Amino acid sequence: MTDTTVLELVSPSALLKSEPVEMVVVPGTEGNFGVLPKHAPLISTIRPGVIDIYTGGKVSERIFVAGGVAEVNPERCTILAEEAISVADIKADEAQARLEAAKAAFDAAKSTHEKANAEREVSIAVAQIAALTN
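Just so it is clear, the structure is predicted and the values come from calculations on it, not from any experiment.

Draft legend 1. Structural context of the overall build of the protein. A tally of regular secondary structure across the protein gives 2 helices and 10 strands. From first element to last, N terminus to C terminus, the protein shows the α and β order β-β-β-β-β-β-β-β-β-β-α-α. Overall size of the protein, expressed as C-alpha extent along the three principal axes, is 55 × 30 × 25 Å. Across the 134 residues that make up the protein, the buried fraction comes to 35%. Of the contacts made within the protein by residues no fewer than 6 positions apart, 51% connect residues no fewer than 24 positions apart. Per element, the accessible surface of the protein, about 7500 Å² overall, is 56% carbon and sulfur. Treating the 12 positive side-chain charges of the protein as one cloud and the 19 negative ones as another, the clouds have centres 2 Å apart.

Printed below as a string of structure tokens:
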């Protein structure tokens with residue numbers, strides 16, 4: 001049996017995944033990082049992007065996350081995601097509509113806080129659209 005690490009993916013509403021995997025690649029704020037069994041402990045923020053889950057030496061599943069935090073230790077990788085959806089479930093027209101709405105909100109924003117929130121939504125929508133093409 002090959003070595004595995006446990007991937008736990010948690011959203012605000014539920015535990016979405018808890019299973020052994022060979023490797024997981026996470027979109028960290030400072031760049032993608034891979035987690036293998038017996039990984040050194042680390043905590044990282046996550047940018048909007050795709051988590052690649054490896055089983056059998058290849059990507060077995062791709063999950064889009066809008067951001068969050070990852071905690072890694074030698075036995076597991078726990079991802080606390082703000083929002084998570086299988087890349088296969090992303091609809092291009094909905095992602096495009098999300099981008100247009102976010103851009104409109106940015107243009108209409110009056111305060112720095114509103115602009116920052118809208119800018120964050122734009123980055124999530126752009127990453128979602130990119131996930132469909134990669």
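Draft legend 2. Main features of the domain arrangement of the protein. Partitioning the protein into structural domains gives domain 1 (5-88) and domain 2 (91-132). Measuring from the centre of the C-alpha atoms in domain 1 to the corresponding centre in domain 2 gives 23 Å. Taken together, the 11 residues of domain 1 in the interface contact 8 residues of domain 2. For the pairing of domain 1 and domain 2, the buried interface totals around 650 Å² over both sides, and the portion due to carbon and sulfur atoms is 56%. In this structure, the connection of domain 1 to domain 2 is made through 2 salt bridges. A salt bridge links Glu 83 to Arg 98; the nearest nitrogen and oxygen atoms lie 2.8 Å apart. The interface formed by domain 1 and domain 2 contains 4 residue pairs in polar contact (both at pLDDT 80 or more). The set of elements that each furnish at least two residues to the side of domain 1 that touches domain 2 consists of strand E6 (49-55) and strand E7 (58-65).

Draft legend 3. Quick peek at helix H2 (residues 112-133). Over its 22 residues, H2 runs 32 Å from end to end, which matches the ideal 32 Å to within 8%, given 1.5 Å per residue. Buried within H2 are the following residues: Ala 118, Val 122, Ile 124, Ala 125, Ala 127, Gln 128 and Ala 131.

Draft legend 4. Layout of the environment of Val 72. Within the secondary structure, Val 72 is located in strand E8 (residues 68-72). Owing to a relative accessible area of 2%, Val 72 belongs among the buried residues under this scheme. A sequence separation of 12 residues divides Val 72 from Ala 84, and the C-alpha atoms of the two residues are 18 Å apart.

Rules used throughout
Residues numbered from 1 in each chain as written. Predicted model: local features only at pLDDT ≥ 70, side-chain atom pairs only at ≥ 80, totals over all residues. Heavy atoms only, no water. Helix = DSSP H or I, 4+ residues; strand = E, 2+ residues; numbered from the N terminus. Buried < 20%, exposed > 50% of the residue type's maximum accessible area, 1.4 Å probe, protein only. Contact = heavy atoms within 4.5 Å. Areas by Shrake-Rupley, 256 points an atom, 1.4 Å probe, with all protein chains shown as cover. Lys, Arg positive; Asp, Glu negative; His and termini not counted. Charge placed at Lys NZ, Arg CZ, Asp CG, Glu CD. Domains from an automatic or database assignment. Buried area = accessible area lost by both parts, 1.4 Å probe. Salt bridge = Lys/Arg side-chain N within 4 Å of Asp/Glu carboxyl O. Polar contact = N/O pair within 3.5 Å; in protein donor to acceptor, adjacent residues only side chain to side chain. Expected span 1.5 Å × (residues − 1).

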